[in-house]
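Summary of structural features
Here are the chains, one letter per residue:
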Amino acid sequence: MSPDVPERLRESQDKGDLGYRLFSDASGKLIRAMGLGYKVPENYRGIIRKASDGQNEDLLPAPAVFLVDGQAKITFSYMNPDFKQRLSGEALVQAAKAFRGRP
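About the thresholds
Residues numbered from 1 in each chain as written. Predicted model: local features only at pLDDT ≥ 70, side-chain atom pairs only at ≥ 80, totals over all residues. Heavy atoms only, no water. Helix = DSSP H or I, 4+ residues; strand = E, 2+ residues; numbered from the N terminus. Buried < 20%, exposed > 50% of the residue type's maximum accessible area, 1.4 Å probe, protein only. Contact = heavy atoms within 4.5 Å. Lys, Arg positive; Asp, Glu negative; His and termini not counted. Charge placed at Lys NZ, Arg CZ, Asp CG, Glu CD. Patch = residues over 30% accessible without salt bridge, like charges linked within 9 Å, V, L, I, M, F, W, Y side chains within 5 Å. Areas by Shrake-Rupley, 256 points an atom, 1.4 Å probe, with all protein chains shown as cover. Salt bridge = Lys/Arg side-chain N within 4 Å of Asp/Glu carboxyl O. Pairing = 2+ DSSP bridges.

1. Observations concerning the overall build of the protein chain
When helices and strands are tallied, the protein chain shows four helices and four strands. Starting at the N terminus and ending at the C terminus, the protein chain contains elements arranged as α-α-β-α-β-β-β-α. Every one of the 103 residues in the protein chain was classed for burial, and the buried ones make up 22%. The contacts in the protein chain between residues at least 6 apart in sequence include a share of 40% that link residues at least 24 apart. Mean positive and mean negative side-chain charge positions of the protein chain (16 and 13 charges, respectively) differ by 4 Å.

If you want it as structure tokens, here you go:
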């Protein structure tokens, strides 16, 4: 989920295969509704404003991971407001394996 408008996300995708999909939430509505947003420092506001075509000027999503089953139920979630702390690849693989092993 990104505060960038779709056109800017396409630019990122066109640079190479990311291995995942990018979704735009330029207005920040979903980021706010999910409780994932944090206010950026003043010196980043211009960057966010430009990337969102003026729809957002101070909100970024905290890093988060969700595994969702076929019935749209969240079976695993990770979120940390400290963007420097990311979910380890090992932990994600373990969660995915447990998810796949569910009946």
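2. What to know about unusual backbone geometry
Non-glycine residue D53 carries a positive phi angle of around 50 degrees. Within the fold, D53 resides in the loop between α3 (45-51) and β2 (59-61). In this structure, A72 is a non-glycine residue whose phi angle is positive, near 65 degrees. Following the sequence through the fold, A72 ends up in the loop between β3 (64-68) and β4 (74-79). The exposure class of A72 is exposed, given its relative accessible area of 63%.

3. Some remarks on a negative patch on the surface
Negative charge collects at one region of the surface, where E7, E11, D14 and D53 lie side by side. Within the secondary structure layout, E7 lies in helix α1 (residues 6-14). With relative accessibility at 45%, the residue E7 sits in the partly exposed group.

4. Remarks on the pairing of β4
For β3 and β4, the ladder comprises five bridges, and the chain directions are antiparallel. Within β4, the residue paired with L67 across the bridge is F76. Between β3 and β4, which follow one another and run antiparallel, lie five residues, and A72 among them has a positive phi close to 65 degrees.

5. Some remarks on the side chain of D25
With respect to the helices and strands, D25 occurs in the loop between α1 and α2 (29-33). Buried D25, no salt bridge; nearest opposite-charge side chain is R32, N-O distance 6.7 Å. When near neighbours in sequence (up to four residues on either side) are disregarded, D25 contacts M1, S2, P3, D4, L30 and I31.

6. Quick word on the pattern of salt bridges
Tallying each qualifying case throughout the model produces three salt bridges. D58 is the salt-bridge partner of K39, the closest N and O atoms lying 2.9 Å from each other. Remark: D58 occurs in the loop between α3 and β2 and K39 occurs in strand β1 (residues 37-39); sequence separation between them is 19 residues. Taking the relative accessible area as the measure of exposure, K39 reaches 57% and is therefore exposed. Owing to a relative accessible area of 13%, D58 belongs among the buried residues under this scheme.

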